[in-house]
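Here's the letter readout for the chains.
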Amino acid sequence: MTDGTTRVFTWEEGTRIEVRNLGGEIVIKANSAGLKTLAGHLLTLAQDGTLDGAHLHLEENNGLEEGSVGLVLERCDDE
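Residues numbered from 1 in each chain as written. Predicted model: local features only at pLDDT ≥ 70, side-chain atom pairs only at ≥ 80, totals over all residues. Heavy atoms only, no water.

## Points about unusual backbone geometry
Item 1. Even without glycine at this site, Asn 61 takes up a positive phi of about 65°.
Item 2. Mapped onto the fold, Asn 61 is located in the loop between β3 (55-60) and β4 (63-64).
Item 3. Judged by its relative accessible area of 65%, Asn 61 falls in the exposed class. (Helix = DSSP H or I, 4+ residues; strand = E, 2+ residues; numbered from the N terminus. Buried < 20%, exposed > 50% of the residue type's maximum accessible area, 1.4 Å probe, protein only.)

## Here's the deal with the sheet that holds β3
Item 1. Within the open sheet, the three strands sit side by side as β4-β3-β5. Their pairing is mixed. Both outer strands of the open sheet, β4 and β5 (71-74), are each paired with one neighbouring strand and no more.
Item 2. In this structure, β3 lies alongside β4, joined through two bridges in parallel fashion. When the bridges of β4 are listed, Glu 60 appears paired with Leu 64.
Item 3. Packed onto the sheet, helix α1 (residues 32-46) meets β3 and β5 and runs at close to 35° relative to β5. (Pairing = 2+ DSSP bridges. Contact = heavy atoms within 4.5 Å. Axes fitted to C-alpha atoms, helices over the stretch in contact; angles between N-to-C directions.)

## Some details on the pattern of salt bridges
Item 1. Applying the stated criterion to the full structure yields two salt bridges.
Item 2. A salt bridge links Glu 18 to Arg 20, with the shortest nitrogen-to-oxygen separation between them at 2.5 Å.
Item 3. Here Arg 75 makes a salt bridge to Asp 77, at a shortest N to O gap of 2.9 Å.
Item 4. Using a relative accessible area of 45% as the deciding quantity, one classes Asp 77 as partly exposed. (Salt bridge = Lys/Arg side-chain N within 4 Å of Asp/Glu carboxyl O.)

## A look at the side chain of Glu 18
Item 1. Secondary-structure assignment places Glu 18 in strand β1 (residues 17-21).
Item 2. Its relative accessible area of 17% is what places Glu 18 among the buried residues.
Item 3. At a separation of 2.5 Å, a polar atom in the side chain of Glu 18 contacts the side chain of Arg 20.
Item 4. Beyond its immediate chain neighbours, meaning those up to four positions away, Glu 18 contacts Val 27, Ile 28, Lys 29, Glu 65 and Ser 68. (Polar contact = N/O pair within 3.5 Å; in protein donor to acceptor, adjacent residues only side chain to side chain.)

Structure (structure tokens):
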């Protein structure tokens, strides 16, 4: 909740998201539903009134496919 408004992160049915760390780069692999879900999460964090530092943790078996590394989406308004 920020500025008295609850932020809701929604998930498309059939979402599959996998995050891999290949050393020099991170790969986010997702089906169509997964890409729409990630886009929605980012738009939710981008809403007016969302506080700096608001974030969402995605982890294996908590939104990400088995074997994925954790992913944190965080709003940062610092220049």
